[in-house]
Amino acid sequence: MIIGAGVVGCAIARELSRYQAKVCVLERESDLGCGQTGANNGVVHPGIDPPPGTLKARLNVAGNAAFPRLCRELGVPFRRTGLLAVVTDPEEAMLLPLSKLRAEANGVKAEVVEGEDLRRLEPALGPGAYGALWAPDAGITCPFRLTQALARTAARNGVVFELETEVAGMLVGRGRVRGVRTTRGDYLARWVVNCAGVDADLVAGMAGPPEFTIHPRKGEIVVFDRGGPAVGRVLGVLSLKGDPHSKGGGINPAVDGNLLVGPGAREVADRRDTAVSADGIRKVLDKFTRLVPALARATPIAAFAGLRAATYREDFIVRPSAHMDNLLHVAGIQSPGLAASPAIAAMALGQLADMGFSAPSRPDAVVAPPPRLFRELDPAEQTQAAAADPGHRRVVCRCETVTESDVVAALRDPVPATTLEAVKRRTRAGMGRCQGAFCGPRVATLIARERGIPLWEVTRAGPGSWLYAGPTRR
Amino acid sequence: MGGHPGGPGIVAVRGAHATMSGEVDVCVVGSGPAGLAAAAAARRAGAGRVVVVDRETSPGGILPQCIHDGFGLEEFGEAFTGPEYAERAAGDAACVGVEFWQGTTALALGPGPELVLVGGSGRQVLRPRTVVVATGCRERTRGNILLPGTRPAGVFTAGTAQRLINVMGVLPGRRAVVMGSGDVGLIVARRLHLEGCEVEGVYEILTRPGGLVRNVVQCLHDHGIPLHLGHTVVEVHGDRRLEGVTVAAVDADGRVRQGTRRRVPCDTLITSLGLIPELEILRGLTDGTVDESMRTGLERVFLCGNAAFVHDTVDCVTACGRLAGRAAARHAAGLRWPRRVARVEAGEGVRQVVPGALSELAEAARFHLRLDVEGFDVEVQARARDRPLARWRLRAVSPTQAVALTAGPARLERLRQDRTLAFVARPGKEEAGGRIHRR
Ligand SMILES: Cc1cc2nc3c(=O)[nH]c(=O)nc-3n(C[C@H](O)[C@H](O)[C@H](O)COP(=O)(O)OP(=O)(O)OC[C@H]3O[C@@H](n4cnc5c(N)ncnc54)[C@H](O)[C@@H]3O)c2cc1C
Ligand SMILES: Cc1cc2nc3c(=O)[nH]c(=O)nc-3n(C[C@H](O)[C@H](O)[C@H](O)COP(=O)(O)OP(=O)(O)OC[C@H]3O[C@@H](n4cnc5c(N)ncnc54)[C@H](O)[C@@H]3O)c2cc1C
């Protein structure tokens, strides 16, 4: 039993689906990846930041190494862009060799670049960039597609995904968790894995006295339209100065060509508070426009905020519960949790084995990459697809060229999309420059048709998020 | 999505879903009033095969969702509703032998010109002699202005809301706040009100309404909908569905005035933040600059209608389409593609001017401008670096209304004396309230 269908929960589900075990994933939201997994930069960090010796450092480096193969296997976009951690103040140049030492201690390739070499690596950098640490192993991926592909593969191998099912308590007895109590009834389980992201401490608390606490740390990210400054690398800032809470973040290209700027960092009290603040946006833009001045003329198309699941020790937690023999915590998975996710899943399986879990492997396990979208096909394939399928002749989302058949495929996925947001995560319909103004009603119409419900019962992201009030008077 | 319950049906169009192949003289992308006018004009000017492609299943562009009247006063001397105007324009084009490929999206454009189309019978590459891009506008969104807050359901652009109500028969919500007072916003406010959705108010950041006075009176005052000038929405609230917005008074620089924040409960926010020309298929090829006959920087490709300049009325859009269509027919028949001989820029007091270039073939031109000045008795000059080349006097101008200036052969001859000319506008008489608006 896995609690939480973020990238970590889904990666663990996929690993477990290689075995002949009954696996079920419980997720509170109406879709996969609605937590941190749906609000990050998609950067596959190289591992230059985490302090040497930490679990974070180890899993980050191992996860990064596993990414190219995993993405190829699952049909998920991945690009090695490399990362430049930039110093803008010559007085802070000593940070470069220091960071290089740290990177090397983590086993990460890195070198210091300055002047011409730096501009050659990233022509978009402004005059303020003095020097940088260059880590060629950094990459970018699409967190939604990755999570979907992991879940899809798991589902094809028999894993059951129960969405809109919130774990509210645990049934415990004699030092073991017997099952969980949810908003949709009780589920019995022999093994429970807690991957509940920002709420992992609350879930842990359902099984006994507190073992750790998580304090949500908010970060705003601004999305810029394609066709803006051509930034080819992941860019970060190395600095000792400034607000310690605004550490991290940067500018990075996303696999679909948009530019992401941010995040900042700010502790918040409310675990649901993903509101974007004017102040947060301003700080992020002020800070990073200095790196790439051309950003000032670029067009933003959206802003969102994510909550990192930070613990006080700031390290990942992948260990059995102190109170329950069959409960594994996979918690505190903040950045670079996406990059580390393949290694986290592998470690979680090792831990489960140490705890006594065993099952024969599944000889017929399949890999089920998501169907390729029309946009991803080459011209000849597009011609074929459009000839064979009238649904590929109807473009539903103009900004991202998503066809009716792309949307229908998402609605019929093994872990089906049922809401506007879920379709957006799977197809990008609504993520483009018009932000759903054009495709929103069209996608909603398809959802209504596929599910056999009236248009006004379609939601944006599950119960309570109704899109339309009802029919007009005539 | 095919039906238009809000208005009379569009005429059945001859040639719809015909085989998408063969030789094409003029291919028009977009069947709004600009595209329809361009296509009909091209046929009338002697073009052989003229095809209009549009991703919608019926022609008319944005018009079928504009069920209010007031369209075509200049063109037809009569006030039509949007669907009626569309029906007329489509009928006219069909009568002169224009072919319609509805339900067809232009995915990409390339030099040649070459168009990648998907629809009707599949995906294909078309190589027409000329292409007229008439793809209209899209709306500025809350994302473009980075409006802070949560991201719940219930935030719609005015155009989307208009489409939901008038074309799809769906009510977006029960209590709405409208942000921005452009014409589309005003018209949607009235529509929502008439459909039983309470409109709490319209909030406009400037100190003047963005739309026509006529619309302020007929859409708001007549229905008791408050208009808050110098106010804007500063934050969005609600986790799942919108629960409210924070509104505030702002100063001339758009900064929130202390102590004026107020939370307004509502389940719907309509954003009417302006229109942006849809130049998607020109991206990476050429910018949206056109010359006096709507030629783009890409050989044998034209741009017209709201995609070239956000016009105030459909009549201007139609005239602009006609200009492009006529020129396209001539180039399809073999007329050489001209060089550009002058650049036209917006100078002091002028926000935008179209055309942005003059070609060697230019004999006359019609300039469309958006000004930053208001007042009475305003002088607009077209200047070379050091001297005025031509002057126009305007009785009354305002930043919210476009102005059109004509240059006949004599004036144009003078304008072509320099390679770069800038349009400038001096504020109107002080006592008449003239001033410069800065953005
Ligand atoms: C702004 C930001 C930027 C980031 N950028 C990067 C980056 O570029 N690269 C990188 O590697 N990492 C990045 N991260 C970190 C990365 O996003 C996370 O480490 C990763 O997504 C963690 O995945 P997860 O599955 O553990 O958590 P989540 O995705 O948060 O998943 C937890 C899930 O558990 C569910 N859940 C919680 N409680 C319950 C319950 N009681 N019952 C049922 N379900 C429950 C939640 O709904 C959620 O879906 C970033 C994070 C943030 C916030
Ligand atoms: C929401 C909205 C409401 C408006 N309301 C009014 C009003 O009430 N009164 C008024 O006078 N003016 C109104 N206008 C202004 C209106 O845009 C113009 O009057 C006129 O309709 C513009 O004509 P057009 O032909 O340039 O563009 P449109 O009418 O927008 O037509 C463009 C057409 O191109 C198609 N298209 C775009 N890209 C492609 C592609 N790649 N492939 C195929 N087809 C494509 C579109 O589907 C559309 O049918 C409104 C504009 C908007 C956006």
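This is a predicted model, so every value here is computed, not measured. Each chain has its residues counted from 1, running along the sequence as written. Chains and ligands are labelled sequentially in the order written, the chains with letters from A and the ligands with numbers from 1. Reporting in this predicted model follows two pLDDT cut-offs: at least 70 for local features of residues, and 80 or more for side-chain atom pairs to be given and counted; totals over whole chains, interfaces and linings ignore these cut-offs and use all residues. The basis for every side-chain value is the complete set of non-hydrogen atoms in the structure, without hydrogens or water.

Enquirer: Any chance you could explain the overall build of chain A here in plain terms?
Expert: When helices and strands are tallied, chain A shows twelve helices and 24 strands. Taken over the C-alpha trace, chain A has a radius of gyration of 22 Å; the compact-globule value for 474 residues is 23 Å, and the two agree within 12%. Principal-axis analysis of the C-alpha atoms gives chain A an extent of 60 × 60 × 45 Å. Taking all 474 residues of chain A together, 60% fall into the buried category. Per-residue and other accessible areas follow the Shrake-Rupley method at a 1.4 Å probe size, with only the shown protein chains counted as cover for residues. Summing over all exposed atoms, chain A offers an accessible surface of approximately 18,500 Å²; the carbon and sulfur share of this is 53%. We count a stretch as a helix when DSSP gives it H or I for four or more residues in a row; a strand needs E for two or more, and each element gets its number in order from the N terminus. Only the C-alpha atoms count toward the radius of gyration. The rule for a globule is 2.2 Å times the residue count to the power 0.38. Burial classes follow relative accessibility: with a 1.4 Å probe on protein chains only, a residue under 20% of its type's maximum area counts as buried, one over 50% as exposed, and anything between as partly exposed.

Enquirer: What's the story with the overall build of chain B in this structure? I'm lost.
Expert: Regarding its fold elements, chain B presents eight helices and 30 strands. At 22 Å, chain B has a C-alpha radius of gyration in line with the 22 Å of a compact globule built from 439 residues. Along the three orthogonal principal directions, the C-alpha set of chain B runs to about 65 × 55 × 40 Å. Buried positions account for 58% of the 439 residues belonging to chain B. Here, two residues are considered to be in contact whenever any of their heavy atoms come within 4.5 Å of each other. For chain B, the share of sequence-separated contacts (at least 6 apart) that also reach a separation of at least 24 residues comes to 66%. Carbon together with sulfur atoms contributes 49% to the accessible area of chain B, which is approximately 17,300 Å² in total. Think of it this way: Lys and Arg go in the positive column, Asp and Glu in the negative one, and His and the chain ends go nowhere. Where a charge sits is defined by one atom per residue type, namely NZ (Lys), CZ (Arg), CG (Asp) or CD (Glu). Seen as two clouds, the 55 positive and the 47 negative side-chain charges of chain B have centres 3 Å apart.

Enquirer: Quick question: what am I supposed to make of the site of ligand 2 here?
Expert: Residues and elements named next belong to chain B. Summary of the distance rule: residues count as near a molecule or strand when at least one heavy atom falls within 4 Å of that molecule or strand. If you check the shell around ligand 2, you find 32 residues, and the closest are Ala-34, Asp-54, His-68, Ala-106 and Asn-306. Counted as a polar contact is a pair of N or O atoms within 3.5 Å, where, for protein atoms, one must be capable of donating a hydrogen and the other of accepting one, and residues adjacent in sequence contribute only when both atoms are in side chains. Measuring from an oxygen atom of ligand 2, one finds a backbone N or O atom of Pro-33 at 3.2 Å. The contact in question runs from an oxygen atom of ligand 2 to an N or O atom on the side chain of Asp-54, over 2.6 Å. For ligand 2, whose accessible area on its own is 970 Å², the fraction buried by protein is 93%.

Enquirer: Even after reading the chapter, I still don't get the site of ligand 1, so can you show me in this structure?
Expert: Residues and elements named next belong to chain A. Taken together, 40 residues surround ligand 1, and among them Glu-27, Thr-37, Val-43, Ile-333 and Ala-339 come closest. In the model, an oxygen atom of ligand 1 is placed 2.5 Å from a nitrogen or oxygen of the Thr-37 side chain. Here an oxygen atom of ligand 1 sits 3.3 Å away from a polar atom, N or O, in the main chain of Gly-337. In isolation ligand 1 exposes 1,000 Å². Once the protein is present, 98% of that is buried. Of all the secondary-structure elements, those providing two or more residues to the shell around ligand 1 are helix H1 (7–16), strand E14 (214–224), strand E19 (300–311) and helix H8 (337–354). Taken together, the residues that form the shell around ligand 1 break down as 17 nonpolar, 17 polar and six charged. When residue character is reported, Ala, Val, Leu, Ile, Met, Phe, Trp, Tyr, Cys and Pro are called nonpolar, Asp, Glu, Lys and Arg charged, and the others, Gly included, polar.

Enquirer: I keep staring at the sheet that holds strand E2 (residues 50–54) of chain B and nothing clicks. Help me out?
Expert: For sheets, the rule is that strands pair by backbone hydrogen bonds, running either parallel or antiparallel. Residue and element names in this part refer to chain B. The rule for pairing is simple: two strands pair if DSSP sees at least two bridges between them. Strand order in the open sheet formed by five strands is E5-E2-E1-E9-E21, and the pairing between neighbours is parallel. The two strands at the open ends of the sheet, each matched to only one other strand, are strand E5 (99–102) and strand E21 (301–303). Pairs of neighbouring strands in the sheet enclose a mean axial angle of 20°, with direction left out of account. With four bridges connecting them, strand E1 (residues 26–29) and E2 associate as parallel partners. Bridged to Cys-27 within E2 is Val-51. Structural elements are reduced to axes, namely lines fitted to C-alpha atoms, with helices fitted over the stretch in contact, and the angle between N-to-C directions of any two is expressed from 0 to 180 degrees. Contacting E1, E2, E5 and strand E9 (130–133), helix H1 (residues 33–44) runs over the sheet at an angle of about 170° to E2. Each of E1, E9 and E21 is contacted by helix H7 (residues 314–332), which is oriented at about 165° to E9, the strand it contacts most.

Enquirer: It is not clear to me how the packing of H1(A) against helix H5 (residues 143–156) of chain A should be interpreted in this structure. Could you clarify?
Expert: Any two packed helices are characterised by how steeply their axes cross, that is the angle between the axes, and by the distance between the axes. All names here are of chain A. Orientation of H1 relative to H5, taken along the N-to-C sense of each, is 30°, at an axis distance of 8 Å. With respect to their mutual orientation, H1 and H5 come out roughly parallel. Handedness of the H1/H5 crossing: left-handed. Each of Val-7, Cys-10, Ala-11, Ala-13 and Arg-14 in H1 lies in contact with H5, whose residues at this interface are Leu-146, Thr-147, Leu-150, Ala-151, Thr-153 and Ala-154. Here the contact of H1 with H5 is built from residues that sort into eight nonpolar, two polar and one charged. To sort the angles, those under 35 degrees are grouped as roughly parallel, those over 145 as roughly antiparallel, those from 65 to 115 as roughly perpendicular, and the leftovers as oblique. Each crossing gets its handedness from the near helix: less than a right angle anticlockwise from the far helix is left-handed, clockwise is right-handed.

Enquirer: Got a minute to help me understand the sheet that holds strand E2 (residues 24–26) of chain A in this structure?
Expert: Residue and element names in this part refer to chain A. As summarised here, the arrangement of the six strands in space is E9-E2-E1-E13-E21-E20, forming an open sheet in which the pairing is mixed. Single-partner strands in this sheet number two, and they are strand E9 (160–162) and strand E20 (317–320). Along the sheet, H8 makes contact with strand E13 (192–194), E20 and strand E21 (327–331), crossing E20 at roughly 15°.

Enquirer: Looking at this structure, how should I read unusual backbone geometry?
Expert: Apart from glycine, the bulk of residues carry a negative phi angle, and the bulk of peptide bonds sit in the trans form. Between A:Gly262 and A:Pro263 the backbone carries a cis peptide bond, its omega angle lying at -5°. When you line up the elements, A:Pro263 lands in the loop between strand E17 (259–262) and strand E18 (266–267). Here the amide bond leading from B:Val354 into B:Pro355 is cis, since omega sits at 0°, within 30 degrees of zero. Despite not being glycine, B:Leu146 shows a phi value in the positive range, around 50°.

Enquirer: Teacher, can you tell me more about helix H7 (residues 278–289) of chain A here?
Expert: Think of an α-helix as turning once every 3.6 residues; residues three or four places apart then point the same way. Residue and element names in this part refer to chain A. Multiplying 1.5 Å by the residue count of a helix minus one yields the expected span of that helix. The terminal C-alpha atoms of H7 lie 16 Å apart, and with twelve residues this matches the ideal 16 Å at 1.5 Å per residue to within 8%. Taken as a whole, H7 has its buried residues at Gly-280, Ile-281, Val-284, Leu-285 and Phe-288. The buried residues of H7 all sit within an arc of 120° when viewed along its axis, so they share a single face. Among the structural elements, E14, strand E15 (234–237), strand E16 (250–253), E17, E18 and E19 are those in contact with the buried residues of H7. The arc in question is traced by the directions running from the helix axis to the C-beta atoms.

Enquirer: I'm lost on the interface of chain A and chain B in this one. Help?
Expert: Accessible area lost upon the coming together of the parts serves often as the stated size of an interface. Facing 54 residues of chain A, the contacting portion of chain B comprises 46 residues. Across the chain A to chain B interface the summed buried area is about 4,200 Å²; carbon plus sulfur atoms make up 54%. Here, a salt bridge means any Lys or Arg side-chain nitrogen found within 4 Å of an Asp or Glu carboxyl oxygen. Inspection of the region where chain A meets chain B yields five salt bridges. Two residues, B:Arg283 and A:Asp225, come together in a salt bridge whose shortest N-O distance is 3.3 Å. Counting the contacts that link chain A with chain B gives 24 residue pairs in polar contact (both at pLDDT 80 or more). In the side of chain A that touches chain B, the residues fall into 29 nonpolar, 14 polar and eleven charged. Judged from the two bridges that link them, strand E24 (residues 470–471) of chain A and strand E12 (residues 170–171) of chain B form a sheet pairing that is antiparallel. Looking across to E12(B), one finds that A:Gly470 is bridged to B:Leu171. Note: buried area is the sum, over both parts, of the accessible area (probe 1.4 Å) each one loses when the two are combined.

Enquirer: I'm lost on the confidence of the model for chain B in this one. Help?
Expert: In regions of low pLDDT, the predicted coordinates are not meant to be interpreted in detail. Residue and element names in this part refer to chain B. pLDDT expresses how confident the predictor is about each individual residue, on a scale running from 0 to 100. Residues of chain B with pLDDT of at least 70 account for 92%, and the chain-wide mean is 91. Throughout residues 1–17 the model reports pLDDT below 50, and contacts reaching past four residues in sequence, or to other chains, amount to 41 contacts. Our summary of model confidence lists the complex with pTM equal to 0.94 and ipTM equal to 0.95.

Enquirer: Mind showing me how you'd approach the packing of aromatic side chains here?
Expert: The description of two aromatic rings rests on the distance between their centres and on the angle between their planes. Pairing of aromatic rings covers Phe, Tyr and the six-membered ring of Trp, with a centre-to-centre limit of 6.5 Å; geometry is then stacked below 30 degrees between planes, edge-to-face above 60, and tilted otherwise. One pass over the structure, following the stated rule, counts eight aromatic pairs over all chains. For the ring pair A:Tyr468 and B:Phe156, a centre distance of 6.2 Å and an interplane angle of 25° mean the geometry is stacked. Highlighted residues: A:Tyr468 in the loop between helix H12 (439–451) and E24 and B:Phe156 in strand E11 (residues 155–157), drawn from two different chains. Judged by its relative accessible area of 4%, A:Tyr468 is buried. Overall, the relative accessible area of 8% leaves B:Phe156 in the buried class. An aromatic cluster is built from B:Phe76, B:Phe80 and B:Tyr85, whose rings are joined through pairwise contacts. Stacked on the ring of B:Phe76, the Lys or Arg B:Arg88 has its end atom at 5.4 Å from the ring centre. Only lysine NZ and arginine CZ atoms are considered, and such an atom sits over a ring when it is within 6 Å of the ring centre and within 35 degrees of the ring normal. The ring of A:Trp466 has B:Arg174 sitting right over it, with the charged end atom 5.1 Å from the ring centre.

Enquirer: Would you mind going over the domain arrangement of chain B with me for this structure?
Expert: All names here are of chain B. What the domain assignment reports for chain B is domain 1 (8–136 + 278–332), domain 2 (155–273) and domain 3 (340–436). Residue ranges for the domains trace back to a domain assignment, done automatically or taken from a database. One C-alpha centre belongs to domain 1, the other to domain 2; they are set 32 Å apart. Listed by partner, the interface residues are seven residues for domain 1 and nine residues for domain 2. It is Gln-65, Ile-67 and His-68 in domain 1 that bury the most area against domain 2; as a group they hold 72% of the surface buried on that side. On inspection of domain 1 and its partner domain 2, the count reaches zero salt bridges. Our count for the domain 1 to domain 2 interface comes out at three residue pairs in polar contact (both at pLDDT 80 or more). The class makeup of the residues in the side of domain 1 that touches domain 2 is four nonpolar, two polar and one charged.

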